[in-house]
Amino acid sequence: MKTTRLFWSIVRRCHAEKIAIGFVVSVFLGALVIMLREPGIDSYGEALWYTFVASTTIGFGDVVVTTALSKIITVYLTLYEMLLVAMLSGVIVSHYLEVIQRREKYTATVLMDKLEHLSELSPEEMREIEQRVRRLKTTM
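In short, a report on the structure. (Residues numbered from 1 in each chain as written. Predicted model: local features only at pLDDT ≥ 70, side-chain atom pairs only at ≥ 80, totals over all residues. Heavy atoms only, no water.)

### Section: the environment of R37
Its location among the elements puts R37 in helix 2 (residues 17–37). Separated by 53 residues in the primary sequence, R37 and G90 place their C-alpha atoms 36 Å from one another. The contacts of R37, once residues within four sequence positions are left out, are T67, L69 and S70. (Helix = DSSP H or I, 4+ residues; strand = E, 2+ residues; numbered from the N terminus. Contact = heavy atoms within 4.5 Å.)

Written out as structure tokens, the structure is:
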């Protein structure tokens, strides 16, 4: 549940709600059209399975469409999914880089503040600063 909330907060942050919701709607509507038009697909569940497999580009081959409209829907769903994955992966990486930069900036700011007030620090705080400086030196 926490992962889903994080995912939607990232999607909202980049204003991609319409794209993500559009994809989900496309999968369900595509399944409905395919179920109605394809002679080899008898149930909505089977059509939904096909649209899921097609949109994730897995392509098991257990269900195959034969009509031109169904093939066009398959291409549409596959391209939409590739665009969505490419966009979301870029947004997620960007989000995490931003989080890391904020943490580093906060840590550097706190360290600089403590260095400015060395005479007021306790021995424990001095040891903590010493450990942080050593960690910084090993990462550089």
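Next, the rest of the story.
### Some details on the environment of I129
Its place among the elements puts I129 in helix 5 (residues 123–139). Taking the C-alpha atoms as reference, I129 lies 7.1 Å from L111; in sequence the two are 18 residues apart. Those residues in contact with I129 that sit more than four places away from it in its chain are L111, K114, L115, L118 and L121.

### Side note on helix 1 (residues 2–13)
Taking 1.5 Å as the rise per residue, helix 1 with twelve residues should run 16 Å; its terminal C-alpha atoms sit 16 Å apart, in good agreement. Just past helix 1, the residue H15 takes up positive phi, approximately 60 degrees. (Expected span 1.5 Å × (residues − 1).)

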